[in-house]
Amino acid sequence: MSAASCLLTEDQLLCSICLDVFTDPVTTPCGHNFCKTCITKHWSTNGPCQCPNCKKDFYPRPELQVNTFISEMAAQFRQSAQQKASSSSSEQQVSKPGEVPCDVCTGTKLKALKSCLVCLESYCETHLEPHLTRSGLKRHQLIDPVENLEGRMCLQHDKLLELFCKTDQMCVCMLCTVSDHKTHDVVPLREEYEGKKAELGKTEAEIQQMIQKRRLKIEEIKHSVQLSEEDADREIADGVQVFTALKESVERSQAELMDTIKEKQRKTEKQAEDFIKELEQEISELKKRSTEVEQLSRSEDHLHLLQSFMSLNTAPPTKDWTEVSVRPPSYEGTVVRAVSQLEETLSKQMKKLLTEIELKRVQQSAVDVTLDPDTANPWVILSDDGKQVQTGDVKKNLPNSPKRFDACVGVLAKQSFSSGRFYYEVQVKGKTDWDLGVARESINRKGKITLRPQDGYWTIWLRNENEYKALADTPVSLSLKSRPEKVGVFVDYEEGLISFYDVDAAALIYSFIGCSFTEKLYPYFSPSLNYSGKNSAPLIISPVNKARRSSLIRGIVF
């Protein structure tokens with residue numbers, strides 16, 4: 001029996017109906033073998049008794065007996081297969097939670113390597129072997145292991161879901177296409193799979209792009225937080241310096257007040273000491289005269305008494321102390337005056353500091369500005385880098401385009417602004433006349449021009465070296481404490497604000513407020529006339545130094 005079993009192959013011990021090793025094998029009259037349960041069920045569901053292999057009919061249904069020889073061979077093969085599976089199970093991975101187990105393994109379930117869409121079972125390496133070696137099983141469709149293979153079957157027809165209905169957007173079987181989905185747009189599952197996979201690829205690319213954008217946004221936010229932290233550190237440092245200076249100033253004023261009061265007290269004490277010293281001197285003289293008078297009065301010498309009487313009878317020269325007194329000094333108003341003076345000093349310096357802080361903040365809106373040669377008056381000369389403008393002695397031959405100033409010696413910047421904030425600085429050192437500001441796009445650039453807001457110009461100017469004006473609808477004369485050498489221009493488009501600053505003095509020159517802007521705004525520059533070289537210095541667009549605030553704060557002395 002053992003020798004005979006060695007001659008049998010696995011294919012010879014498999015039932016052609018269940019495709020598994022025989023269980024209670026029986027032999028039909030035609031000589032083919034099947035599991036007793038498989039052939040009995042087959043004949044019960046398929047009508048006439050017929051061999052599934054050779055199609056021979058049997059009538060009446062034959063009475064089948066278990067083939068003991070084949071049964072023993074199948075049992076030995078099954079035992080051998082189990083031993084082989086047991087020995088290989090140590091090499092294969094045991095199914096873990098979340099992994100698909102082998103449906104054939106008994107006892108310890110091994111990890112499935114593949115699932116069969118025909119058999120609707122998942123197999124480990126050992127139980128997968130028939131699907132890789134037997135010709136009949138090789139035609140079955142294997143996929144990566146999945147659970148719930150029954151879910152891949154049509155619930156209505158018990159057939160494999162191998163088609164896709166585009167009309168109803170659902171998976172269907174072959175029988176569905178001749179019933180409920182007869183007129184629908186149906187394609188093979190793989191075709192729809194490829195299409196959907198391509199869409200998923202696009203979706204994945206879009207998602208990755210969205211992820212990248214959000215990562216960039218995270219970096220942007222982190223950078224903003226870093227900048228905010230740096231600004232906060234600078235503000236704290238500046239605040240400490242300011243309040244330290246304030247504290248020192250108050251302490252200094254307090255010390256000065258104490259010194260003033262003590263000085264008054266010292267003068268009073270000195271006066272009292274002088275009076276007392278003088279009085280004590282007079283007392284000493286009087287005591288001396290009293291002694292002399294007393295001695296003379298006891299004299300028995302008539303002649304001596306009479307001769308000395310006249311000189312001793314008269315009191316020695318003394319001061320009339322009747323009206324003399326030491327009045328305590330008046331301290332009334334001393335503290336009030338000291339505090340008032342301190343308040344005035346602090347007010348001036350704090351106003352200067354607040355203006356400097358404001359200037360520092362607007363400097364954060366600094367933009368790069370260059371001059372536009374297409375707008376420049378023929379008399380003006382621009383530098384190659386577009387950062388300087390001055391009035392020359394020769395008029396250039398330039399095309400008279402609509403953008404160009406023909407009479408006013410002005411020029412606009414190339415850059416325009418229609419929202420937000422912007423700031424730039426212009427050096428005016430060495431000039432006796434100049435105009436600076438902003439202008440709207442639709443300004444008149446031909447002939448005589450009046451610089452005022454209603455005509456689209458918001459400017460300030462210098463004339464005759466020291467006459468400063470803000471050119472509002474009614475010009476405003478400006479009284480400046482110092483002569484600006486660099487002017488800062490700040491615009492907040494939405495707030496309708498235009499401010500001019502003396503950069504070096506950190507002082508506000510003038511602000512146009514409540515403006516209404518509806519057009520693009522351009523920085524405007526006019527170096528004014530040359531005046532035979534007296535006003536030949538250029539207007540220079542300067543880089544903004546954003547690191548000057550701390551130094552200015554350190555330079556404040558209250």
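Residues numbered from 1 in each chain as written. Predicted model: local features only at pLDDT ≥ 70, side-chain atom pairs only at ≥ 80, totals over all residues. Heavy atoms only, no water.

Turning to the overall build of the protein chain, a few remarks are in order. When helices and strands are tallied, the protein chain shows nine helices and 21 strands. Taken over the C-alpha trace, the protein chain has a radius of gyration of 57 Å; the compact-globule value for 558 residues is 24 Å, which it surpasses by more than 25%. Projecting the C-alpha coordinates of the protein chain onto the three principal axes gives extents of approximately 200 × 95 × 40 Å. Counting all 558 residues of the protein chain, 33% fall into the buried class. (Helix = DSSP H or I, 4+ residues; strand = E, 2+ residues; numbered from the N terminus. Rg over C-alpha atoms; globule rule 2.2 N^0.38 Å. Buried < 20%, exposed > 50% of the residue type's maximum accessible area, 1.4 Å probe, protein only.)

Counted under the stated rule, the structure contains 11 aromatic pairs. Summarising the aromatic geometry, the rings of phenylalanine 417 and phenylalanine 422 are spaced 4.0 Å apart at their centres and angled 15 degrees between planes, so their arrangement reads as stacked. Owing to a relative accessible area of 14%, phenylalanine 417 belongs among the buried residues under this scheme. Members of the aromatic cluster, connected to one another through ring pairs, are Phe405, Tyr457 and Tyr524. One residue, arginine 463, lies across the ring of tryptophan 461, its end atom 3.9 Å from the ring centre. (Phe/Tyr/Trp six-rings, centres within 6.5 Å; stacked < 30°, edge-to-face > 60°. Lys NZ or Arg CZ within 6 Å of the ring centre and 35° of its normal.)

On to the pattern of salt bridges, then. Evaluation of the coordinates by the stated rule reveals 19 salt bridges. Across the pair aspartate 372 and lysine 403 runs a salt bridge, and its minimum N-O distance is 3.7 Å. Of this pair, aspartate 372 sits in the loop between helix 8 (334-363) and strand 9 (380-382) while lysine 403 sits in the loop between strand 10 (388-391) and strand 11 (411-412), and the two are 31 residues apart along the sequence. Connected via shared salt-bridge partners are Lys166, Glu192 and Lys196. (Salt bridge = Lys/Arg side-chain N within 4 Å of Asp/Glu carboxyl O.)

Membership of the largest hydrophobic core comes to 38 residues, with the highest contact counts inside it found for Trp434, Val487 and Phe525. Not counting residues within four places of it along the chain, the set of residues in contact with tryptophan 434 comprises Val428, Ile460, Trp461, Leu462, Arg463, Tyr468, Val487, Ser526, Ser528 and Leu539. Residues Val21, Cys38, Ile70 and Ala74 belong to the second largest nonpolar core, which totals 16 residues. (Core = buried A, V, L, I, M, F, W, Y, C linked by side-chain atoms within 4.5 Å. Contact = heavy atoms within 4.5 Å.)

Let's shift gears to the sheet that holds strand 7 (residues 170-172). One open sheet holds the three strands; their spatial order is 7-6-8, and the pairing between them is antiparallel. The sheet is open, and its two edges are formed by strand 7 and strand 8 (186-188), each paired on a single side. Shown here is a sheet whose adjacent strand axes are inclined to one another by a mean of 35 degrees, direction ignored. With three bridges joining them, strand 6 (residues 163-165) and strand 7 adopt antiparallel strand pairing. Its bridge partner being in strand 7, cysteine 165 is matched across the sheet by methionine 170. (Pairing = 2+ DSSP bridges. Axes fitted to C-alpha atoms, helices over the stretch in contact; angles between N-to-C directions.)

Here strand 10 shows one buried face, formed by Val389 and Thr391, and one open face, formed by Gln388 and Gln390. Here strand 9 pairs with strand 10 via three bridges, running antiparallel. Looking at the pairing, valine 380 lines up with threonine 391 of strand 10. The hairpin turn running from strand 9 into strand 10, its antiparallel successor, is five residues long, and glycine 386 in that turn takes a positive phi close to 70 degrees. As paired strands, strand 10 and strand 21 (residues 539-542) are joined by two bridges and run antiparallel to one another. Looking at the pairing, valine 389 lines up with leucine 539 of strand 21.

For the rest of this paragraph, the subject is the side chain of lysine 387. With respect to the secondary-structure elements, lysine 387 resides in the loop between strand 9 and strand 10. Polar side-chain contacts of lysine 387 include one of 2.7 Å to the backbone oxygen of valine 369. If sequence neighbours within four positions are ignored, lysine 387 has contacts with Asp368, Val369, Thr370, Leu371, Leu539, Ile540 and Ile541. (Polar contact = N/O pair within 3.5 Å; in protein donor to acceptor, adjacent residues only side chain to side chain.)

With that out of the way, let us pick up the layout of surface pockets. In this structure, the second largest pocket encloses a volume near 560 Å³. As for the second largest pocket, its lining consists of 15 residues, of which Lys481, Ala505, Ala506, Ala507 and Leu508 are closest to the centre. When residues of the lining of the second largest pocket are traced back to their parent elements, those giving at least two are helix 8 and strand 19 (507-512). If one sorts the elements of the lining of the second largest pocket by residue count, helix 8 sits on top with four residues. Per-class residue counts for the lining of the second largest pocket are seven nonpolar, three polar and five charged. (1 Å grid on protein atoms, 1.4 Å probe; cavity = no way out; pocket = protein on both sides within 12 Å on 5 of 7 lines; lining within 4 Å. Points joined across faces, edges and corners; volume = space filled by probe spheres on them. Nonpolar A, V, L, I, M, F, W, Y, C, P; charged D, E, K, R; others polar.)

As a further point, take helix 7 (residues 302-313). The end-to-end C-alpha separation of helix 7 is 16 Å, in line with the 16 Å expected for 12 residues at 1.5 Å each. Near the N-terminus of helix 7, the side chain that reaches the backbone nitrogen of leucine 303, with its oxygen 3.2 Å away, is that of aspartate 301. (Expected span 1.5 Å × (residues − 1).)

Next up on the list: the environment of aspartate 435. By secondary structure assignment, the location of aspartate 435 is in strand 13 (residues 434-440). Put simply, aspartate 435 and valine 26 are 409 residues apart on the chain and 115 Å apart in space, counted from C-alpha to C-alpha. The contact partners of aspartate 435, leaving out residues within four places of it in the chain, are Leu451, Ile460, Trp461, Arg463, Tyr524, Phe525, Ser526 and Leu539.

Let's shift gears to unusual backbone geometry. Proline 60 follows tyrosine 59 through a cis peptide bond whose omega is -5 degrees. Mapped onto the fold, proline 60 is located in the loop between helix 2 (36-45) and helix 3 (68-89). Its identity is not glycine, yet glutamate 465 carries a phi of approximately 75 degrees, on the positive side. Of note, glutamate 465 is situated in the loop between strand 14 (457-463) and strand 15 (467-470).

Here we come to the packing of helix 6 (residues 189-297) against helix 8. For any two helices packed against each other, the geometry comes down to the angle between their axes and how far apart the axes lie. Across the interface, helix 6 lies against helix 8 with an axial gap of 11 Å and an inter-helix angle of 165 degrees. On the basis of the axis angle, helix 6 is roughly antiparallel to helix 8. The handedness of the crossing between helix 6 and helix 8 is right-handed. Where helix 6 approaches helix 8, its residues Glu235, Val242, Leu246, Ser249, Val250, Ser253, Leu257, Thr260, Ile261 and Lys264 are matched on the opposing element by Thr334, Val335, Ala338, Leu342, Leu346, Met350, Leu353 and Arg361. Along the lines of polarity and charge, the residues of the contact of helix 6 with helix 8 split into 11 nonpolar, four polar and three charged. (Parallel < 35°, antiparallel > 145°, perpendicular 65-115°, else oblique. Left-handed = near helix turned anticlockwise from the far one by under 90°.)

Attention now goes to the pairing of strand 18 (residues 497-502). The buried fraction of strand 18 is high, at five of six residues. Sheet topology note: the strand 17 (residues 486-492)/strand 18 ladder contains six bridges and is antiparallel. Note on strand 18: the bridge partner recorded for glycine 488 is tyrosine 501. Where strand 17 folds back onto strand 18 in an antiparallel hairpin, the turn is made up of four residues, including glycine 496, whose phi is positive at roughly 65 degrees. By the bridge criterion, five bridges tie strand 18 to strand 19 in an arrangement that is antiparallel.

Our focus in this paragraph is the confidence of the model for the protein chain. The predicted model of the protein chain has a mean per-residue pLDDT of 88, with 94% of residues at 70 or higher. Across residues 549-557, confidence stays below pLDDT 50; counting only partners more than four residues off in sequence or on other chains, it has 18 contacts. (pLDDT = per-residue confidence, 0-100.)

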